[in-house]
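# Structure at a glance
Here's the letter readout for the chains.
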Amino acid sequence: MGKMFKIYLCGPRIYSCSNCRTHLAKHDQIVSKAFQGRHGRAYLFSNVVNISLGPKEDRILITGLHAVADVYCNCCQTILGWKYVEAFEESQKYKEGKCIIEKAKMSTEPYSLEG
């Protein structure tokens with residue numbers, strides 16, 4: 001296995017893995033805070049970094065059938081949520097390519113100017 005490179009984000013509000021503090025996303029990449037994860041509230045992000053994906057599988061979620069892949073932290077391998085690979089209902093297509101990160105699996109980092 002090759003050397004792992006982490007992306008460090010800068011800005012006023014950075015979300016990170018609650019287990020190892022690896023940066024995941026910026027506040028302005030939140031699409032919605034009104035989602036439900038496996039263990040409570042979750043946020044839908046347009047872009048997330050420092051993650052790896054599990055295998056694609058079909059799941060019946062609250063909003064219907066979706067093809068999703070679990071999202072893991074690249075550093076500590078904690079399951080953070082899932083990525084919408086495909087939505088089968090037209091009204092849910094906006095989720096494709098976006099990630100759900102559970103609120104309990106992330107924390108907020110202080111303001112950072114360094115990147």
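Summarised in this report is the structure supplied together with it. (Residues numbered from 1 in each chain as written. Predicted model: local features only at pLDDT ≥ 70, side-chain atom pairs only at ≥ 80, totals over all residues. Heavy atoms only, no water.)

Let's shift gears to unusual backbone geometry. The phi torsion at arginine 21 lies on the positive side, around 70 degrees, for a residue other than glycine. Mapped onto the elements, arginine 21 comes out in the loop between β1 (14-17) and β2 (23-26). In the Ramachandran plot, asparagine 50 falls in the positive-phi region, its phi being about 60 degrees despite a non-glycine side chain. Inspection of the secondary structure puts asparagine 50 in the loop between β4 (40-45) and β5 (51-61). (Helix = DSSP H or I, 4+ residues; strand = E, 2+ residues; numbered from the N terminus.)

With that settled, the discussion passes to the sheet that holds β4. Spatial ordering of the open sheet is given by β3-β4-β8-β7-β6-β5, a layout of 6 strands whose pairing is antiparallel. Single-partner strands in this sheet number two, and they are β3 (30-37) and β5. With strand direction ignored, the average angle separating the axes of adjacent strands in the sheet is 30 degrees. As paired elements, β4 and strand β8 (residues 99-102) share 4 bridges and run antiparallel to each other. Counted as the bridge partner of phenylalanine 45 is cysteine 99 from β8. (Pairing = 2+ DSSP bridges. Axes fitted to C-alpha atoms, helices over the stretch in contact; angles between N-to-C directions.)

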